[in-house]
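# Descriptive analysis of the structure
The chain contents come next:
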Amino acid sequence: MRLVITNNGSYPRVGDRPQEQRLRKALSKWEKGRISEQDLRKAERLTIAEVIREQIAAGVELVTDGQVRWYDPVSHLACALENVRPGGLLRFFDTNFFFRQPVVEGEPRWVRSVLAEDVRTALDSSTRPVKAMLTGPYTTARLSIVNAPELAGDVRRLTLLFAEAYAREVEAAAKAGAKVIQVDEPMLLQTPGDVGVVREALGVLAECRGEAQLSLTTYFGDAAKLYGDFQDMPVDIIGLDFTYSEDLVSNIEMVGSSKVLALGLVNGRTTRPDDPETIFRALDRILPRVSVDHCYLTSSCGLEYLPRDRARRKLELMTSLRFRYMRGKG
Amino acid sequence: MSRERLAELGLSLPLLPVTSVGSFPKPGYLKKARSEYAQRKITQEELEQEEERATRFWMEWQDEAGIDVLVDGEMYRGDMVTFFAETMRGFEIGGLVRSYGNRYYHKPIIVREVEWVQPITTEWFRFAQSLTRKPVKGMLTGPYTVMDWSFDEYYDSRREATLAIAAQIRKEVEALAEAGCRIIQIDEPAISVRPEELPLAIEAMQICTQGIEAYFITHICYGNFERIYPGLLELPVHNLDLELSNSELDMLPLLAENPPDKDISFGLVDVHSRDVEPLEVVQERIGMALEALPRERLWFDPDCGLKTRTIEEAQAKLEVIVSAVRAAREQAPG
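These lines cover the structure that appears in this document, whether it is placed above or below. (Residues numbered from 1 in each chain as written. Chains lettered and ligands numbered in written order. Predicted model: local features only at pLDDT ≥ 70, side-chain atom pairs only at ≥ 80, totals over all residues.)

### Some thoughts on the overall build of chain B
Regarding its fold elements, chain B presents 11 helices and 9 strands. In terms of principal-axis extent, the alpha carbons of chain B reach across some 55 × 45 × 40 Å. For chain B, buried positions account for 51% of its 334 residues. At a minimum sequence separation of 6, the contacts of chain B that also span at least 24 residues come to 76%. (Helix = DSSP H or I, 4+ residues; strand = E, 2+ residues; numbered from the N terminus. Buried ≥ 20, exposed ≤ 12 C-beta atoms within 10 Å, placed from the backbone. Contact = placed C-beta atoms within 7 Å.)

### A few points about the interface of chain A and chain B
The partner chain B presents 27 residues to the 26 residues of chain A that form the contact. Secondary structure elements with two or more residues in the side of chain A that touches chain B: α1 (22-31), β2 (82-91) and α11 (308-328) of chain A. It is β2(A) that provides the largest number of residues to the side of chain A that touches chain B, a total of 4 residues. When the residues that make up the side of chain A that touches chain B are grouped by side-chain class, the tally is 10 nonpolar, 6 polar and 10 charged. (Nonpolar A, V, L, I, M, F, W, Y, C, P; charged D, E, K, R; others polar.)

### Re the environment of N239(B)
Residue and element names in this part refer to chain B. Along the chain, the position of N239 falls in strand β7 (residues 239-242). With 25 C-beta atoms packed within 10 Å, N239 lands in the buried category. With 24 residues separating them in the primary sequence, N239 and D263 have C-alpha atoms 4.4 Å apart. Every residue in contact with N239, bar those within four places of it in the chain, is listed here: S2, I217, K262, D263, S265 and W299.

### A short note on the environment of W110(A)
Residue and element names in this part refer to chain A. By the secondary structure assignment, W110 is in the loop between β3 (98-109) and α4 (115-125). Using a count of 19 C-beta atoms within 10 Å as the deciding quantity, one classes W110 as partly exposed. Each C-alpha atom of the pair W110 and L123 lies 24 Å from the other, and the pair is 13 residues apart in sequence. Dropping the residues within four chain positions of it, W110 is found in contact with L81, A165 and R168.

### A closer look at the pairing of strand β1 (residues 89-100) of chain B
Residues and elements named next belong to chain B. Alignment of β1 against strand β2 (residues 103-115), held across 8 bridges, turns out to be antiparallel. Across the sheet, the residue bridging to Y100 is R103, located in β2. Hairpin connection of β1 to β2: 2 residues between the antiparallel strands, including G101 at a positive phi of 45°. (Pairing = 2+ DSSP bridges.)

### Re the pairing of strand β6 (residues 180-184) of chain A
Residue and element names in this part refer to chain A. Among the 5 residues that make up β6, 5 are buried, leaving the element largely enclosed by the rest of the structure. Along β6, one buried face is formed by V180, Q182 and D184 and the opposite face, lined by I181 and V183, is buried too. Bridging between β6 and strand β7 (residues 213-217) involves 5 bridges; their strand directions are parallel. Counted as the bridge partner of D184 is T217 from β7. Between β6 and its parallel partner β7, the chain crosses via helix α7 (residues 195-206), and the hand of that crossover is right-handed. (Right-handed = clockwise from strand over helix to strand, strands pointing away.)

### Focus on the sheet that holds β2(B)
All names here are of chain B. What the 3 strands build is an open sheet, ordered β1-β2-β4; its pairing is mixed. Every interior strand has two partners, whereas the edge strands, β1 and β4 (151-152), have only one. Here 2 bridges tie β2 to β4, and the two strands are oriented parallel to one another. In the strand pairing of β4, I109 is matched with F151. Helix-sheet contacts for helix α7 (residues 158-178) involve β2 and β4, and the interaxial angle to β2 is about 85°. (Axes fitted to C-alpha atoms, helices over the stretch in contact; angles between N-to-C directions.)

### Quick notes on the nonpolar core
Core analysis: the biggest nonpolar cluster contains 204 residues, and A173(A), A178(A), I181(A), L205(A), F300(B) and I321(B) have the highest contact counts within it. If one sorts the elements of this core by residue count, helix α6 (residues 155-176) of chain A sits on top with 12 residues. For A178(A), the contacting residues outside a window of four places in its chain are V119(A), V130(A), K131(A), A132(A), A173(A) and A212(A). (Core = buried A, V, L, I, M, F, W, Y, C linked by C-beta atoms within 7 Å.)

### Observations regarding the sheet that holds strand β5 (residues 145-146) of chain A
All names here are of chain A. Taken in spatial order, the 3 strands of this open sheet run β2-β3-β5, and their pairing is mixed. Whereas interior strands pair on both sides, the edge strands pair on one side only; in this sheet they are β2 and β5. Sheet topology note: the β3/β5 ladder contains 2 bridges and is parallel. Looking at the pairing, V104 lines up with V146 of β5.

### Points about the environment of P119(B)
Residues and elements named next belong to chain B. Inspection of the secondary structure assignment puts P119 in the loop between β2 and α5 (122-129). The spacing of P119 and T87 is 32 residues in sequence and 9.0 Å in space, taken between C-alpha atoms. Each residue touching P119, except ones within four places of it in the same chain, is listed here: E172 and A175.

### Let's talk about the packing of helix α2 (residues 37-58) of chain A against α11(A)
Residue and element names in this part refer to chain A. Running from amino to carboxyl end, α2 crosses α11 at an angle of 30°, the nearest separation of the two axes being 8 Å. Between α2 and α11, the angle is such that the two are roughly parallel. For the pair α2 and α11, the crossing hand works out as right-handed. Listed contacts from α11 to E54, Q55 and A58 of α2 are R312, L315, E316 and T319. Per-class residue counts for the contact of α2 with α11 are 2 nonpolar, 2 polar and 3 charged. (Parallel < 35°, antiparallel > 145°, perpendicular 65-115°, else oblique. Left-handed = near helix turned anticlockwise from the far one by under 90°.)

Written as structure tokens, this is what we have:
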């Protein structure tokens, strides 16, 4: 069994060192009309290259672009669709991070790819394979304000409309060279009764994944009860947050896995040191029950909720933990 | 009735009082001074002179604009949590973390027992109050929000941290009351984060306010109110200050369904938009508020602090509120 290190998703695009302020300054100047769109794009590309360098230096083997271009996890993709506009701010789950609520004025329709350019930029800067990120159709539907009477109250229909639109993103990201496309569905943990809707939507995305592997990732909630359902999802990888659940490890031990697991065992929300022994014990119980040749070791969620220096340390910790764990196994 | 509470405190406010949530944009000279102070090019005294100048500017402006309950504008503060973490013991100031868009704050880290050492805001309150005959609000960040928006490397649980912080913030509330502050706002924007923790936030607020002679307001914003309403009404305060316009007034049906037994400070303008709402839009929102709630219970203000706007935008947003409220008072004299 191989343990591959991956960055879960987001990464702090700004840090406290002067050179880590580039994008913040560029965005501020761009908003005031002092630099061009081209200058802003250049700052984004340089920042993506920088965060990828940091990931690789820390030992990450499957990197992301850090979601550096994303205004927030929801509106970045949703509001690029036709008939969807950005609305007011709302807190993103139990974080102190706010997103613009998409306002759905009619059937969401895909008009242009957002992810393909992100993937190409990341690949230009990376010697390692790249994972593309996508906040899933169900979470997007649940977090949207619906102003279209024909869609109001019909979460399944709106989810499937988003899925059809995002399928084009999946297709474009796969063609652009993403090795893995991660679909984040944190909302499912809040409303587990909709697991069937998520399965249906993932089916739409899976048809367009091409050579890429598709991952369903959840966080900010307890995934233990849904874990068995995840095994039936039309995806290749299941990403899990272990920080909200006391039973998740036991459930995996009981059910096993025929899919690759992305094990979010390192806490992406706290500066408190992670306990290596707790993580090793979890790995001891989980890995023998996985019937594929590798799993990912990652953080419980994207690392943007931490300051840049702490995020860097979390990545380094993962590499160190993997080394110590594998050495212990001879 | 909260009006009776105000009267007990010797405060006589007009019908539909207008106020602000707390922060105002800092003038260019203060931004420059803060930057120079950070680079150790000027002394703390020199920085404070500019903070006083900016506070005077905003106090005079509010008085003239017709605001009824004034704020000092927080010219001496950066982030609402970091400011208190910098002034109480037990915190380290961590690195930058994004809050939304291109906005970041230095997220504090609790590393030791949290301890209030000396009054934090009272001198600024006294200074601001000395500049006006109208009441000035004292403004604090609540214990639940300080806990939730900090990393915690010391306490064993969120509950333990929240209650420990509450006991220290109470000391600041006492200090403000002793300084003569009769309207004290304790902000809890994080309160909707985990609905199951609402009782904890209420318990912490009780620690902060119990037995203190003041009219208490709490400001709450950008959360899923429907998940914590009407439980929110258990908060031991007299006034709930709510962001409503950003979320397209979607909380109004909830308020109408479960009428609050508290005053409501009704957010009339979106502070995250550069566009100044037309007078008719603000008047329409006031009309909807008056339909849903008794007029004696209504205050009006922007959705949240205005510090992210330019001075011109902030003033224009407040002016449109004052104009719309004046029109509403004329239509519904009381």
